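Chains, contacts and geometry: an overview
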Amino acid sequence: MTTPYTVLSCAVSLDGYLDTAAPPRLILSNAADLDRVDEVRSTSDAILVGARTVRLDNPRLLVRSAARRARRLAEGSPATPLKVTVTRSGDLDPDAAFFADDGARKLVYCPGSETSRIRRLLGRRAAVVGLGRTVAPRALAADLADRGVERLMVEGGGTTLRQFLAGGVADELHLAVAPIFVGDPAAPRFLGPGPAPWGDPGRATPIDSTPIGDVVLLRYALSARADIRPKPMAAAAQHRS
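What counts and what doesn't
- Residue numbers run consecutively from 1 along every chain, following the written order of its sequence.
- Residues qualify for local features only when their pLDDT is at least 70, as the model is predicted, and side-chain atom pairs are given and counted only at 80 or more; totals for whole chains, interfaces and linings, by contrast, use all residues.
- Calculation of side-chain values draws on the structure's entire complement of heavy atoms; hydrogens and water are dropped beforehand.
- Only DSSP runs of H or I covering at least 4 residues are called helices, and only runs of E covering at least 2 are called strands; the numbering of each starts at the N terminus.
- Residue exposure (1.4 Å probe, protein chains only): buried if accessible area is under 20% of the type maximum, exposed if over 50%, otherwise partly exposed.
- Only heavy atoms enter the contact rule, under which two residues are in contact if any of them lie within 4.5 Å.
- Pairing of N or O atoms within 3.5 Å defines a polar contact, subject to two protein rules: one partner must be a possible hydrogen donor and the other a possible acceptor, and residues neighboring in sequence count only if both atoms are side-chain atoms.
- Confidence scores labelled pLDDT are given residue by residue by the predictor and lie between 0 and 100.
- Two kinds of site are reported from a 1 Å grid over the protein atoms alone, namely cavities, where a 1.4 Å probe fits but cannot get out, and pockets, open sets with protein on both sides within 12 Å along at least five of seven lines, and residues are called lining when an atom falls within 4 Å of a point.
- Grid points are joined across faces, edges and corners, and a volume is the space filled by probe spheres set on the points.
- Take the number of residues in a helix, subtract one, and multiply by 1.5 Å to get its expected span.

Once that is clear, we can look at the environment of D184. Looking at the element boundaries, D184 is found in the loop between β7 (172-177) and β8 (205-212). By relative accessible area, which is 27% here, D184 ends up partly exposed. Ignoring sequence-local partners within four residues, the contact set of D184 consists of Y17 and A21. Among the polar contacts made by the side chain of D184, one reaches the main-chain amide nitrogen of A186 at a distance of 2.9 Å.

In the predicted model, the protein carries a mean pLDDT of 91, and 91% of its residues have values of at least 70. In this model, residues 234-241 is a region of pLDDT below 50 whose contacts with residues beyond four sequence positions or in other chains number 11 contacts.

Under the counting rule described, the total for this entry stands at one cavity of 30 Å³ or more. Taken as a whole, the largest cavity holds about 40 Å³ of empty space. Together, Y5, V7, V40, T43, S44, R151, L152 and M153 line the largest cavity. Elements that contribute at least two residues to the lining of the largest cavity include exactly β1 (5-12) and β6 (151-154).

Its 12 residues give helix α1 (residues 31-42) an end-to-end C-alpha distance of 17 Å, which sits within 8% of 16 Å, the value for a rise of 1.5 Å per residue. Counted residue by residue, α1 has nine buried out of 12 residues, so it is predominantly covered. Listed as buried for α1 are A32, D33, R36, V37, D38, E39, V40, R41 and S42.

Next up, the structure:
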C-alpha cells in the first residue's frame, strides 16, 4: 500500500507538553521556528490536523510567506497545500478558519456512517470521505496517495500524532523543544500515556539538531525511507534568529 512521505511536526515544552490545560493557547515556537514550519508547509502537498485541533486552536493552515506561495504557483501547485482533517463525531464548525474561503482545497475523513451527515453540515466547504467503521491512518494516507499527495505534513494534535506513529505511517519527526516547563498533569502532552508508538523498544534514529533562537529543532528518522540529509531551511532559520 503506497502512502505519502509523512512528516510529523509539533512543538513541546522541556517536560513534553503541547499546551497548558486552560486558555490562552501556549505559544511554544518563536518567530524563526514558525518561519521554518511555514517552509515545511510550502514543500508539502497536504497538511493534516485532527478535528480537536480544528475546534480548539482554529488554525488557518495556510502558507504565510508570499514568496513561498508565489514559488508554489510558479511550480504549478496551489498557493497552499490541501488542508485535511479527520473526525469521528463530525463535531466541526463550518465557520472555523480551516473551512474559510481561502483558495485552499479541504478534505474531511470520517467513519462511513457519518459521511452523509457531515456532508450536509459542511456543504461545499470541503469534500467528505468515509473510510470504514473507523478512520485508520494507513487507509487515510493511502487514499491521499491515490489523490496525488506525495508529501504529507501532520501538525497534530497529540492524539493524531500518536495514531500516525502507532499505525506506522510516519517517516520523519520534527520536534521543536521550547525552553519552558508546564508541569501540569492536566495539560495535553506529546503522545501521552500508552504503549510505545512503534516497535520495541520504540527508538527513533536521530538525524540532526538545530538551535533556532531559544528553540531547538530535533529531527528523527522513523522509517527506512526517511530523508536524512541536512536541511538548509533549519540552517537559514538559525542564521535569521
